[in-house]
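Residues per chain are reported as follows:
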Amino acid sequence: MVTPAYSQSYNPALHTDPINLTPEVRDAFAHFYDLDYEGALSRFETIQRANPQSVISIGNVLLTIVFRELYRQDLLDTTYYAHDSFLTSKRNVPVPQPIRDRIESLTNSAVALADRQIKANPNDANAYFARGYARGMHAAFITLCDHSYVAAARQGLASRNDSEATLKIDPNYADAKMAMGIQQFAVASLPRLVRMLVGIAGVGGNKEKGLELLRESAAHGIVTPIESRTALSLFLRHDARYAEAIVVQKGLADQYPRDFLFRLEVANLTKDSGNGPGAIALYNAILTDAKKPGYFIGPRLHMTYFGLADTQRGQNQITQAAQNYLQAAAQPTCSDWIRRRAQLNAGEMFDLLHKRDEATKQYELASAGGGDQSQSDAAHRYLKTPYTGK
């Protein structure tokens, strides 16, 4: 595939489904990027009912339901994906069955409708793109919630193939480059053995090509620019290219200052870049803004307290770290998985402060169900022998 050169006269509106340009869709996305998932969902559902033959309208409903659930499950904290250890996580993700059923139904509906449209018109670039969009969303869901890597890899490959088909029909369809960029980077990041195990042996990948494609979809896409920038930031972080990632992520946070996740990610990246004092200031700024009525919608502040505590721990501010791990665990929005991690880490801090009784209490809490086995194992170990590391 030859990458087109985008001239000053390039008009991206000519390379997308017209429905994507409507005020109703743009308004729904504005709610989505402020993390007002309920507001976005009601709007996208209204659009879909008014346009029953629109595959992308089904995809936008699917997008909102998937991301609403990932957010609720604390699976949009990219700290979890900064390293490859999440691939072997034993974490249980209890997605309610009605939500699972709806995600499956929406995916199947989008694919079936696109199939019919492609059969009627094999040069329907919008149908190919929308089918790949839905498949990519489903792949993300089953990867993160179910650890179904074989099924997800095949679904992701199908999404990439749909995007390639889109670009063969219309080389300037910039949105289609997002799925290809994600697939290129992800495949290049997997060891050859893993590629064989998940059934995509022989599929090529190139990290720099993946990043280039994401930059193009971010710059010229209509549907995917924000998601492309988010993926770009994540991949740069994965490869410890923190300065580049911070530039991308800060741009998102400046554009959507009330998006809690974008703000949190700037702080996380600043922490990972080694700028502890800067990260502490950013975490505290999030907590300050969260006190303003209605500033954030549904902020999951336990993630902020946890990141703040981790940073303070790295700065040897052990007392403050212990208190903020406790704050993280005490938040009503906190998932059991993060709560157990926070309790374990609080126990470690109390051991360093020689407060054994308080440490033991936290280890007992951390060893209860709801986390993953590694947290429970560590908690049991420290109940026997106090933690002495950092």
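Residues numbered from 1 in each chain as written. Predicted model: local features only at pLDDT ≥ 70, side-chain atom pairs only at ≥ 80, totals over all residues. Heavy atoms only, no water.

The name given to the chain in an unreviewed UniProt entry is Tetratricopeptide repeat protein, with the source organism recorded as Tunturiibacter lichenicola.

Time to look at the overall build of the chain. Assigned secondary structure in the chain consists of 18 helices and zero strands. For the chain, the residues scored as buried account for 55% of the 390 residues in total. Put simply, 64% of the contacts in the chain that link residues at least 6 apart link residues at least 24 apart. As presented, the chain carries roughly 16,900 Å² of accessible surface, and 54% of it is formed by carbon and sulfur atoms. (Helix = DSSP H or I, 4+ residues; strand = E, 2+ residues; numbered from the N terminus. Buried < 20%, exposed > 50% of the residue type's maximum accessible area, 1.4 Å probe, protein only. Contact = heavy atoms within 4.5 Å. Areas by Shrake-Rupley, 256 points an atom, 1.4 Å probe, with all protein chains shown as cover.)

Moving on to the pattern of salt bridges. If you walk through the whole model with that rule in mind, you get 25 salt bridges. One salt bridge connects Lys209 with Glu212, and the closest N-O pair in it is separated by 3.9 Å. Taken as a pair, Lys209 and Glu212 lie in helix H9 (residues 207–220) at a separation of three residues, close to a single helical turn. With a shortest N-O distance of 3.8 Å, Arg215 and Glu244 are connected by a salt bridge. Placement of Arg215 in helix H9 and of Glu244 in helix H11 (residues 242–255) is noted, with a sequence separation of 29 residues between them. It is possible to trace a salt-bridge network through shared partners that takes in Asp115, Arg131, Arg135 and Asp162. (Salt bridge = Lys/Arg side-chain N within 4 Å of Asp/Glu carboxyl O.)

Now for the packing of helix H12 (residues 260–272) against helix H14 (residues 301–314). At a minimum axis distance of 11 Å, the contact between H12 and H14 shows a crossing angle of 10°. The angle between H12 and H14 places the two elements in the roughly parallel class. For the pair H12 and H14, the contacting residues are Phe260, Leu261, Leu264 and Lys271 in the first and Leu301, Met303, Thr304, Gly307, Asp310 and Thr311 in the second. (Axes fitted to C-alpha atoms, helices over the stretch in contact; angles between N-to-C directions. Parallel < 35°, antiparallel > 145°, perpendicular 65-115°, else oblique.)

Let us now look at helix H17 (residues 356–366). Among all positions in H17, only Ala359, Gln362, Tyr363 and Ala366 are buried. Along H17, the residues classed as buried sweep out an arc of 100° about the axis, all on the same side. Seen from the open side of H17, the exposed residues pointing more than 90 degrees away from its buried face are Asp357 and Lys361. Tucked into the core, H17 has its buried residues touching helix H15 (318–330), helix H16 (336–352) and helix H18 (373–384). (Arc of directions from axis to C-beta.)

Even without glycine at this site, Asp74 takes up a positive phi of about 60°. In this fold, Asp74 is placed in the loop between helix H3 (55–72) and helix H4 (97–120). On the basis of relative accessibility, which here comes to 1%, the residue Asp74 falls in the buried class.

Structurally, Glu208 can be placed in helix H9. Glu208 sits in the partly exposed class, given a relative accessible area of 45%. Between the C-alpha atoms of Glu208 and Phe185, which are 23 residues apart in sequence, the distance is 7.4 Å.

In this structure the tally under the stated criterion is 17 aromatic pairs. The interplanar angle of 35° and the centroid separation of 5.4 Å between the aromatic rings of Phe129 and Tyr173 together place this pair among those described as tilted. Here Phe129, found in helix H5 (residues 125–146), pairs with Tyr173, found in the loop between helix H6 (149–169) and helix H7 (177–189); they are 44 residues apart in sequence, far enough to count as distant. We classify Tyr173 as buried; its relative accessible area is 2%. (Phe/Tyr/Trp six-rings, centres within 6.5 Å; stacked < 30°, edge-to-face > 60°.)

The geometry of H14 relative to H15 is characterised by a closest axis approach of 8 Å and an angle of 160° between their N-to-C directions. It follows from the interaxial angle that H14 and H15 lie roughly antiparallel. Pair H14 / H15 crosses with left-handed handedness. Counting all contacts with H14, which are made through His302, Tyr305, Phe306, Leu308, Ala309, Asp310, Gln312 and Arg313, the residues of H15 involved are Ile318, Gln320, Ala321, Asn324, Tyr325, Gln327 and Ala328. Counted by class, the contact of H14 with H15 contains eight nonpolar, five polar and two charged residues. (Left-handed = near helix turned anticlockwise from the far one by under 90°. Nonpolar A, V, L, I, M, F, W, Y, C, P; charged D, E, K, R; others polar.)

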